[in-house]
Amino acid sequence: MSTSFADMDTLRGAAVAAIAEAWGALAAEHVVPCSRYRPYIQVGRDYEGGPLSRGPAFAQFSQTLRQMYPAWFAAPSGQDPRWFPDNLAFQFVEAAIAELTRRGETGDTPSDAVEVTLLHLVDYLDSDDSRLACARRVSHLMTADRKELTIAGVTILEYRQFQETRQIAEVIPTAHSAYNAERPRSFARPEATVVSYATGPDPFDLARDAGRHIDRLLLALRLLYCVTTADIYQVTGEVTFVCRCTARLDEIPHDFHLVPVRPAVVSASTAEPVEELLALYDSTEHRTDKEVVHGLEMAVIKFTNSFAPGPGSRRSWTWPPRLKPRSPAPTRPT
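Because the structure is predicted, anything quoted here is derived from the model rather than measured.

> Would you take a moment to explain the pattern of salt bridges for this structure?
Here the idea is simple: oppositely charged side chains can pair when their charged atoms come close. As enumerated under the stated definition, the model contains 15 salt bridges in all. Note that aspartate 46 and arginine 38 form a salt bridge whose closest N and O atoms lie 3.3 Å from each other. Residue arginine 38 is classed as partly exposed on the basis of its relative accessible area, which comes to 33%. Put simply, Asp9, Arg12 and Glu115 are held in one network by salt bridges that share partners.

Laid out in structure tokens, this is it:
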């Protein structure tokens, strides 16, 4: 699909009117202007959708989207459309407000922020497929030179102290909205941010595929090097500014991780053994169409679960160890 210049002008007029109307409604509720530290808002969390959806400009913008992109918002009888124009209109308004906040502008009049957001929207609607990223923060992992490294389809990002949330936002633009002003904290050094991607027509079906690449890398590192690398938290979302699947946060309390530390220090030479091990694993018979899980698959599941948080993995260690006095042996009554 490709949006023509005439359609672009029509869409621009509807978008500018919708933003101006939405800005006025949200300003009346003291939702905007936003803080630079929290530029993202979400319908249902920070404001009610009714004041926006009942506005004539917002309704006209949604109708314009429906008319210009029937492949997105129209479907034969008995089938679901690819998406809904009102939902995407809310996503557009929220992305525009975030861009306005970053630029120090307001939505009262047309601005560069609205134009930039509109270009993101058009690019997204003109694309056939969506690209979803899984950015995961893991413990006890680092590259030897602290530079970016790609192994088995997973990119370990360059080390930047205290910049992990900004790095994730560079991959997933809506990542800051997932934290809800409470960014995850952890202390399981050395820590690293790993990223993998998946592409397909429906972004909501891609999360498992995107995260599977990271799961496979961690499995190979644990088997090859006996490391204690474990998940801390991950952010999953599309790599576009305006999208259907915005960022979602899944957090694992880092204090539940195992205390003994065996970090993985990887380099370019690590790629070959990791990829060979994964290829060997893929070549084995570990899948079955029956309900019974294959023995090898069960072994991998149990091994992987040993790194997950839970009652069996939370331990308290003291040093030096405290030796409790042995209780006296029971005596037989005479």
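> Can you walk me through the pairing of strand β1 (residues 130-139) in this structure?
One face of the sheet, then the other: side chains in a regular strand alternate in exactly this way. Taking burial as the measure, the 10 residues of β1 include nine buried ones, the bulk of the element. Relative to strand β5 (residues 191-200), β1 runs antiparallel, the two being bridged by 10 bridges. The partner of serine 130 across the bridge, within β5, is glycine 200. Bridge count for β1 against strand β6 (residues 231-238) is seven bridges, and the pairing is antiparallel. What sits directly across from valine 138, in β6, is aspartate 231.

> It is not clear to me how a nonpolar patch on the surface should be interpreted in this structure. Could you clarify?
On the surface, a nonpolar cluster with roughly 210 Å² of combined accessible area is contributed by Val293, Met298 and Ile301. With respect to the secondary-structure elements, methionine 298 resides in helix α11 (residues 295-305).

> Please explain the sheet that holds β6 as it appears in this structure.
Pairing between the strands of a sheet comes from backbone hydrogen bonds, and it takes one of two forms, parallel or antiparallel. Overall, antiparallel pairing links the six strands, which are arranged β3-β4-β5-β1-β6-β7 in an open sheet. The outermost strands of the open sheet, each flanked by one partner alone, are β3 (149-151) and β7 (248-251). Within this sheet the neighbouring strands show an average axis-to-axis angle of 20°, counted without direction.

> Even after reading the chapter, I still don't get the packing of helix α9 (residues 207-225) against α11, so can you show me in this structure?
The angle between the axes and the distance between the axes are what describe a pair of packed helices. Following both chains from N to C, one finds α9 and α11 inclined at 85°, their axes separated by 11 Å at the closest point. The angle between α9 and α11 falls in the class roughly perpendicular. Here Leu219, Arg222 and Leu223 of α9 lie close against α11, whose contacting residues are Val300, Phe303 and Thr304. Looking at the contact of α9 with α11 residue by residue, the class counts come to four nonpolar, one polar and one charged.

Each value, and the rule that gives it
- Residues numbered from 1 in each chain as written.
- Predicted model: local features only at pLDDT ≥ 70, side-chain atom pairs only at ≥ 80, totals over all residues.
- Heavy atoms only, no water.
- Salt bridge = Lys/Arg side-chain N within 4 Å of Asp/Glu carboxyl O.
- Buried < 20%, exposed > 50% of the residue type's maximum accessible area, 1.4 Å probe, protein only.
- Helix = DSSP H or I, 4+ residues; strand = E, 2+ residues; numbered from the N terminus.
- Pairing = 2+ DSSP bridges.
- Patch = residues over 30% accessible without salt bridge, like charges linked within 9 Å, V, L, I, M, F, W, Y side chains within 5 Å.
- Areas by Shrake-Rupley, 256 points an atom, 1.4 Å probe, with all protein chains shown as cover.
- Axes fitted to C-alpha atoms, helices over the stretch in contact; angles between N-to-C directions.
- Parallel < 35°, antiparallel > 145°, perpendicular 65-115°, else oblique.
- Contact = heavy atoms within 4.5 Å.
- Nonpolar A, V, L, I, M, F, W, Y, C, P; charged D, E, K, R; others polar.

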